[in-house]
2 protein chains.
Amino acid sequence: MSSSAPKAVVLLSGGLDSATTVAMAQSQGFDVHAITFRYGQRHEAEIQASYRVAAAFGLRNHVISEIDLRMFGGSALTSHDEVPKGRALDDMADGIPVTYVPARNTIFLSFALAYAEVLDARDIFIGVNALDYSGYPDCRPEYIDAYERMANLATKQGVDGEGKVTIHTPLIDLTKGQIIKVGLSLGVDYSITSTCYDPSDTGEACGACDACLLRLKGFAENGMSDPAPYQSRD
Amino acid sequence: MSSSAPKAVVLLSGGLDSATTVAMAQSQGFDVHAITFRYGQRHEAEIQASYRVAAAFGLRNHVISEIDLRMFGGSALTSHDEVPKGRALDDMADGIPVTYVPARNTIFLSFALAYAEVLDARDIFIGVNALDYSGYPDCRPEYIDAYERMANLATKQGVDGEGKVTIHTPLIDLTKGQIIKVGLSLGVDYSITSTCYDPSDTGEACGACDACLLRLKGFAENGMSDPAPYQSRD
């Protein structure tokens, strides 16, 4: 990546979607500055995966932001509540799941906005997806549009009129199978990514939570098996 | 405060503006849940003041959120850069000051939004002021309006249609003198608040930074001296 490439801040969780988003931002010529959050999630394996993904893409800039969302409670992802297992895909689209973390994307995007402002970057990428998992309010296109409008009033860039901040959501209209297809065409190594809501201590996926089931379906649609490690596949 | 009072999340820095905002929210009948941020600011005296203010108002709910904004740099308030001293009030309105922290209010409001969502609260109060200090982009009414619109698309409340989140900015059109007048009428004890950008280790205000000069002017407009401790007043 040449030093004259425009900078972009990319939210990197270490999962399949964000790894694909990094690949797409790089393929568009951006100098990717990744930001990962340790927010009290039960799946620390995500953080480890984010390091692997950043290394695989040769990112020189990757910050880990420590924020504690457990203080508010309200989500199975930041508590010891049970994560649903073995649900039918149709059921996932029904209502807001217990794995929803209150205002999570709003908080994540706000840190990305601060980082972009300091870098003088105009572009932020987030791998949200409205299709497979419509239950999260902060993954919808109308939410992203409203966020972008707010962001352009929040920052020096907006006041100076020097350039508009754009929130890129390259995955928003893609199925999981389509996301994987794009990623494979860009050389993403999905064996190093972590998607599971409830992985083992050594980072192996459970294969039964909503996130695993969607991921497995996506690989099946591409006629292949998931290269990432699972606890049990029988 | 009765348990049937509606809950409101109030951003509490420990300064004059936020203490007045707590008083105004209480006077409107809200059960105030305060949130204070330790964000790497050089003025830790603010945090101590927030505890004093919460105690003075008898708040049963006050959370301190730890977020590190120093990782991004970009502001004199989170670095060792010099804070301007002795500026004319007219100069303060000119451009974005070095004490501006990138996307700070956006980040603060996002945590407040998460807290409100968990509490099932519909009301968030922030003591921003557009009049005295117009250089901060994220203190302008159009920014607050855009934030509120985004917030109502971000959360369960917005999806369920169960109730709209309102961002209250009761100070936005008031001068510092008017803010103090309202606060005094509501019994605010300003001796326990901390506004200075560069206080001593024991929390005494410098009396010369922009924040001190505006505050001193506000008390002067009310024909009184500031009851808070200063390092030197000669």
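One numbering rule holds for all chains: residues counted from 1, following each sequence as written. As they are written, the chains are lettered A onward and the ligands numbered 1 onward, keeping that order. Restriction of local features to residues with pLDDT of at least 70 applies here, the model being predicted, together with a cutoff of 80 or more for giving and counting side-chain atom pairs; totals for whole chains, interfaces and linings are based on all residues.

Draft legend 1. Main features of the overall build of chain A. Tallying secondary structure elements over chain A gives eight helices and five strands in all. Secondary structure of chain A in N-to-C order comes out as β-α-β-α-β-α-α-β-α-α-β-α-α. Per-residue burial over chain A gives 53% buried out of 234 residues. Throughout, a residue-residue contact means that the two C-beta atoms, derived from backbone geometry, are no farther apart than 7 Å. At a minimum sequence separation of 6, the contacts of chain A that also span at least 24 residues come to 73%. By the criteria applied, helices consist of DSSP H or I runs no shorter than four residues and strands consist of E runs no shorter than two, each listed in order from the N terminus. Each residue is classed by its C-beta neighbour count within 10 Å, where at least 20 other C-beta atoms makes it buried, 12 or fewer makes it exposed, and intermediate counts make it partly exposed; the C-beta atoms are placed from backbone geometry.

Draft legend 2. Up close: the confidence of the model for chain A. pLDDT gives the predictor's per-residue confidence on a scale running from 0 to 100. Overall, the prediction assigns chain A a mean pLDDT of 85, with 80% of residues at 70 or greater. Predicted complex metrics record ipTM = 0.85 and pTM = 0.87.

Draft legend 3. Looking closely at the packing of helix α1 (residues 16-27) of chain B against helix α7 (residues 176-185) of chain B. Residue and element names in this part refer to chain B. Each axis is a line fitted through C-alpha atoms, and for a helix only the stretch in contact is used; angles between axes span 0 to 180 degrees, taken between their N-to-C directions. It is the contact of α1 with α7, at a shortest axis distance of 9 Å, that shows an interaxial angle of 45°. The angle between the axes of α1 and α7 places the two elements in the oblique class. Once α1 is placed against α7, the crossing between them reads as left-handed. Of α7, the residues touching α1 (which contributes Leu16, Asp17, Ala19, Thr20, Ala23 and Met24) are Ile179, Val182 and Gly183. Oblique is the label for any angle not under 35 degrees, not over 145, and not in the 65 to 115 range, which are roughly parallel, roughly antiparallel and roughly perpendicular in turn. Whether a crossing is left-handed or right-handed is set by the direction in which the near helix is turned from the far one by less than a right angle, anticlockwise for left-handed and clockwise for right-handed.

Draft legend 4. Structural view of the nonpolar core. Throughout this description, the term nonpolar core refers to a group of buried Ala, Val, Leu, Ile, Met, Phe, Trp, Tyr and Cys residues whose C-beta atoms join them within 7 Å. The biggest cluster of nonpolar side chains holds 134 residues, and the ones touching the most others in it are A:Ala112, A:Ile124, B:Ala112 and B:Ile124. When neighbours within four sequence positions are excluded, B:Ile124 is seen to be in contact with B:Ala8, B:Val9, B:Leu109, B:Ala112, B:Leu113, B:Ala116, B:Val165, B:Ile167 and B:His168.

Draft legend 5. Structural detail: unusual backbone geometry. Residues and elements named next belong to chain A. For Asp120, which is not glycine, the phi dihedral falls at a positive 60°. Along the polypeptide, Asp120 turns up in the loop between α4 (104-119) and β4 (123-125). Classification of Asp120 as exposed rests on a count of 12 C-beta atoms within 10 Å.

Draft legend 6. Up close: the pairing of strand β1 (residues 7-11) of chain A. Residue and element names in this part refer to chain A. Within β1, four of the five residues are buried, which leaves the element mostly enclosed by the surrounding structure. For two strands to be treated as a pair, DSSP must find at least two bridges joining them. Sheet topology note: the β1/strand β2 (residues 31-38) ladder contains five bridges and is parallel. Bridging across to β2, Ala8 finds its partner in Val32. As a crossover connection, the stretch from β1 through helix α1 (residues 16-27) into β2 is right-handed. Two strands pair when backbone bridges link them, and β1 and β4 are joined in this way by three bridges, in the parallel orientation. Paired with Val10 across the strands is Phe125, a residue of β4. Handedness of a crossover is defined as follows: with both strands directed away from the viewer, a clockwise route from the first strand across the helix to the second makes it right-handed.

Draft legend 7. Quick peek at the sheet that holds β2(A). Residue and element names in this part refer to chain A. Across the sheet, which stays open at both edges, the five strands sit in the order β3-β2-β1-β4-β5 with parallel pairing between neighbours. Here the strands that pair on one side only, and so sit at the sheet edges, are β3 (61-66) and β5 (166-168). The mean inter-strand angle of the sheet, taken between neighbouring strand axes irrespective of direction, is 25°. Sheet strands in contact with α1 are β1, β2 and β4, and its direction is about 170° off that of β1.

Draft legend 8. Spotlight on the environment of A:His62. Locating A:His62 in the fold gives a position in strand β3. Excluding anything up to four places from it in sequence, A:His62 contacts A:Ala34, A:Thr36 and A:Ala54.

Draft legend 9. Fine view of the sheet that holds strand β5 (residues 166-168) of chain B. Residues and elements named next belong to chain B. The sheet built from five strands is open, its strands ordered β3-β2-β1-β4-β5 with parallel pairing. Each edge of the open sheet carries a strand with a single partner, namely β3 (61-66) and β5. Put simply, the sheet's adjacent strands are angled 25° from each other on average, direction ignored. Pairing of strand β2 (residues 31-38) with β3, which is carried by six bridges, proceeds in the parallel orientation. The residue of β3 that forms the bridge with Thr36 is Ile64. Those strands touched by α1 are β1 (7-11), β2 and β4 (123-125), and its axis lies near 170° from that of β1. Together, β1, β2, β3 and β4 form the strand contacts of helix α4 (residues 104-119), whose direction differs from that of β1 by roughly 160°.

Draft legend 10. Here's a closer look at the environment of A:Asp68. Structurally, the position occupied by A:Asp68 is in the loop between β3 and α3 (89-92). In this structure the C-alpha to C-alpha distance between A:Asp68 and A:Tyr143, which are 75 residues apart in sequence, comes to 23 Å. Filtering out sequence-adjacent residues up to four positions away, A:Asp68 remains in contact with A:Tyr39, A:Gly40 and B:Glu66.

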